[in-house]
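One letter stands for each residue in the lines below.
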Amino acid sequence: MATHNLLLLPGDGIGPEVMAEVVKVADWMGKEGIASFESETGLVGGAAYDAHGKAISESDMKLAMDCDAVIFGAVGGPKWDAVPYDVRPEAGLLRLRKDLALFANLRPAICYPALADDSSLKREIVEGLDIMIVRELTGGVYFGEPKEIIDLGNGQKRGIDTQVYDTYEIERIGRVAFELARKRGNKVTSSEKRNVMKSGVLWHEVITALHKRDYADVQLDHMLADALGMQLVRWPKQFDVIVTDNLFGDMLSDVASMLTGSLGMLPSASLGEADKNGKRKAMYEPVHGSAPDIAGKGLANPIAMIASFGMALRYSFNLGEAADMVDKAIANVLDAGLRTADIKGNATSTVSTVQMGDAILAALQKLK
Ligand code: NAD
């Protein structure tokens, strides 16, 4: 059995609490002979700033570059609000994304039937929802140059951001989406605003050509980003995989996340380019932040973090069956009525972070 090398970066706030539950799952998989992991633990965010004066040390960056997958908790908190901008906690996260060249951000939005009433939409609209938003993460308007505020000298200033995409950037994110769709519902919806943006015209052209050339077996639809935002809250179950640029992906994935109930339920993966062996640099993290308001109280929901580890099993280690088991164990625990405080709904009692982790372990044991 291959041994997979993990770098664990728990970070700040509830990060270490939810990471501890992932460690239990990884250890269990090792013990049961399902998969073998070796892990190192590093510092990121405020924790790294306190130890090294920067948001991630060079030695931890080297570990991140060399490992098979980074498992990331969360960073930030009021303690570090006043630290210099370039060493603020979030700088550690951005450095990881940049140096590992993680251009593809995968955010599933899954609504477990047991939590359908926690969504802001009606049960029939969200129950059983399972969509995947693929967001381009390293290009577009967040990075394009020029990016500046210039003084026009007449009492006016001008703020400039530049939306820019090259063919190869669109093609490689398109490939990620089509490949994913083949393993799911076989349908991709590509989204841009080609009616008003030249980068959207190119996006549409490149995705259409890529589809025709290499992925004609996958169903492809195009939808303008504003219309897609509307459709996401009207009838989200029409989608399987959505692929879009950095800016639209940022907004649309946040909209989709709210369909599912709680921030504590949402995992994510960020992937880099495949090397000649098909291996990608990768980082897995919950969508939520460090939740300083509940840190240290045992209130954090570990499901987003454990489901992020499940994504690592699926996308970095090709352990689809083990990943399915993790997802099923989470669903079973929710079906049995276990709730952390954030997903309490109408439940009469709640469990702690550790109790939720233990229940997921017990559910895994039953499934095995
Ligand atoms: P947050 O996601 O930390 O918290 C928002 C709300 O959701 C809070 O009420 C929190 O208690 C709750 N929440 C979040 N995760 C939860 C979980 N697993 N279980 C139960 N409840 C949960 O966002 P915020 O409050 O805007 O930011 C707090 C800090 O986190 C800030 O310093 C921010 O910069 C940072 N942040 C970091 C990341 C990251 O590391 N990727 C992402 C977002 C925010």
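The structure this text deals with has already been given above.
This text gives an overview of the structure that appears in the document. (Residues numbered from 1 in each chain as written. Predicted model: local features only at pLDDT ≥ 70, side-chain atom pairs only at ≥ 80, totals over all residues. Heavy atoms only, no water.)

1. Let's talk about the packing of aromatic side chains
Alright, step 1. Tallying each qualifying case throughout the model produces four aromatic pairs.
Alright, step 2. Where Tyr165 meets Trp203, the ring centres are 5.5 Å apart and the plane angle is 75°; that geometry is what we call edge-to-face. You can see Tyr165 sitting in the loop between β7 (157-160) and α6 (167-182) and its partner Trp203 sitting in helix α7 (residues 198-214), a full 38 residues away along the chain. The two residues Tyr165 and Trp203 agree in class, both being buried.
Alright, step 3. Through a chain of ring-to-ring contacts, the aromatic side chains of Phe37, Phe309 and Phe317 assemble into a single cluster. (Phe/Tyr/Trp six-rings, centres within 6.5 Å; stacked < 30°, edge-to-face > 60°. Helix = DSSP H or I, 4+ residues; strand = E, 2+ residues; numbered from the N terminus. Buried < 20%, exposed > 50% of the residue type's maximum accessible area, 1.4 Å probe, protein only.)

2. Focus: empty space enclosed by the protein
Alright, step 1. Tallied over the full model, the rule gives two cavities of 30 Å³ or more.
Alright, step 2. For the largest cavity, the calculated volume is near 40 Å³.
Alright, step 3. For the lining of the largest cavity, the secondary-structure elements that each account for two or more residues are β4 (104-110) and α9 (246-258).
Alright, step 4. Looking at the lining of the largest cavity residue by residue, the class counts come to six nonpolar, two polar and one charged.
Alright, step 5. Volume-wise, the second largest cavity comes out at about 30 Å³.
Alright, step 6. For the second largest cavity, the full set of lining residues is Gln163, Tyr165, Glu192, Lys193, Met197, Ser199, Gly200, Trp203, Asp245 and Phe248.
Alright, step 7. Take the lining of the second largest cavity: its biggest share by element is three residues, from α7. (1 Å grid on protein atoms, 1.4 Å probe; cavity = no way out; pocket = protein on both sides within 12 Å on 5 of 7 lines; lining within 4 Å. Points joined across faces, edges and corners; volume = space filled by probe spheres on them. Nonpolar A, V, L, I, M, F, W, Y, C, P; charged D, E, K, R; others polar.)

3. Focus on helix α8 (residues 225-234)
Alright, step 1. When α8 is considered as a whole, its buried residues turn out to be Ala225, Leu228, Gln231 and Leu232. Looking straight down α8, one finds that the buried residues subtend no more than 110° of arc, so they occupy a single side.
Alright, step 2. Of the surrounding secondary structure, the elements contacted by the buried residues of α8 are β5 (130-136), β8 (187-192), β9 (219-224), β10 (241-244) and α9. (Arc of directions from axis to C-beta. Contact = heavy atoms within 4.5 Å.)

4. Observations regarding the pairing of β10
Alright, step 1. Burial along β10 is two-sided: Val241 and Val243 and Ile242 and Thr244, pointing in opposite directions, are all buried.
Alright, step 2. Bridging between β5 and β10 involves four bridges; their strand directions are parallel. When the bridges of β10 are listed, Met132 appears paired with Val241.
Alright, step 3. In this sheet, β10 lies alongside β8 in parallel orientation, the contact comprising four bridges. Residue Ser191 lies in a different strand from β10, and its bridge partner there is Thr244. (Pairing = 2+ DSSP bridges.)

5. Some thoughts on the pairing of β9
Alright, step 1. Note that β8 and β9 share six bridges and pair parallel. Counterpart to Lys187 in the pairing with β9 is Gln219.
Alright, step 2. Regarding the hand of the β-α-β motif, the stretch spanning β8, α7 and β9 is right-handed. (Right-handed = clockwise from strand over helix to strand, strands pointing away.)

6. Remarks on the site of the ligand
Alright, step 1. Close to the ligand lie 21 residues; Glu90, Gly289, Ala291, Asp293 and Asn301 are nearest.
Alright, step 2. His288 is positioned such that a nitrogen or oxygen atom in its side chain is 3.3 Å from a nitrogen atom of the ligand.
Alright, step 3. Here an oxygen atom of the ligand sits 3.1 Å away from a polar atom, N or O, in the main chain of Ser290.
Alright, step 4. Considered on its own, the ligand offers 810 Å² of accessible surface; in the complex 68% of this is hidden by protein.
Alright, step 5. The set of elements that each furnish at least two residues to the shell around the ligand consists of β3 (69-74) and α4 (89-99).
Alright, step 6. In the shell around the ligand, the residues fall into 10 nonpolar, seven polar and four charged. (Near = heavy atom within 4 Å. Polar contact = N/O pair within 3.5 Å; in protein donor to acceptor, adjacent residues only side chain to side chain. Areas by Shrake-Rupley, 256 points an atom, 1.4 Å probe, with all protein chains shown as cover.)

7. Some remarks on the layout of surface pockets
Alright, step 1. If you add up the space inside the largest pocket, you get close to 810 Å³.
Alright, step 2. Taken together, 30 residues line the largest pocket, and the ones lying closest to its centre are Leu93, Leu94, Arg97, Arg135 and Leu137.
Alright, step 3. Secondary-structure elements contributing two or more residues to the lining of the largest pocket are β3, α4, β4, α9 and β12 (280-286).
Alright, step 4. Residues of the lining of the largest pocket, tallied by class, amount to 13 nonpolar, seven polar and 10 charged.

8. Quick word on the pattern of salt bridges
Alright, step 1. Evaluation of the coordinates by the stated rule reveals 28 salt bridges.
Alright, step 2. With a shortest N-O distance of 4.0 Å, Arg213 and Asp214 are connected by a salt bridge.
Alright, step 3. Among the charged side chains, a salt-bridge network with shared partners connects Lys54, Glu58, Arg95 and Asp99. (Salt bridge = Lys/Arg side-chain N within 4 Å of Asp/Glu carboxyl O.)

9. Focus: the environment of Asp117
Alright, step 1. Locating Asp117 in the fold gives a position in the loop between β4 and α5 (123-126).
Alright, step 2. Placed 144 residues apart in sequence, Asp117 and Gly261 show a C-alpha to C-alpha distance of 8.0 Å.
Alright, step 3. At 3.1 Å, the side chain of Asp117 and the side chain of Arg123 are in polar contact.

10. Digging into unusual backbone geometry
Alright, step 1. Going from Glu145 to Pro146, the amide bond is cis rather than trans, its omega being 0°.
Alright, step 2. Here Pro146 shows up in the loop between β5 and β6 (148-151).
Alright, step 3. Even without a glycine there, the phi angle at Asn186 is positive, about 65°.
Alright, step 4. The backbone of Asn318 shows a phi angle near 55°, a positive value even though the residue is not glycine.

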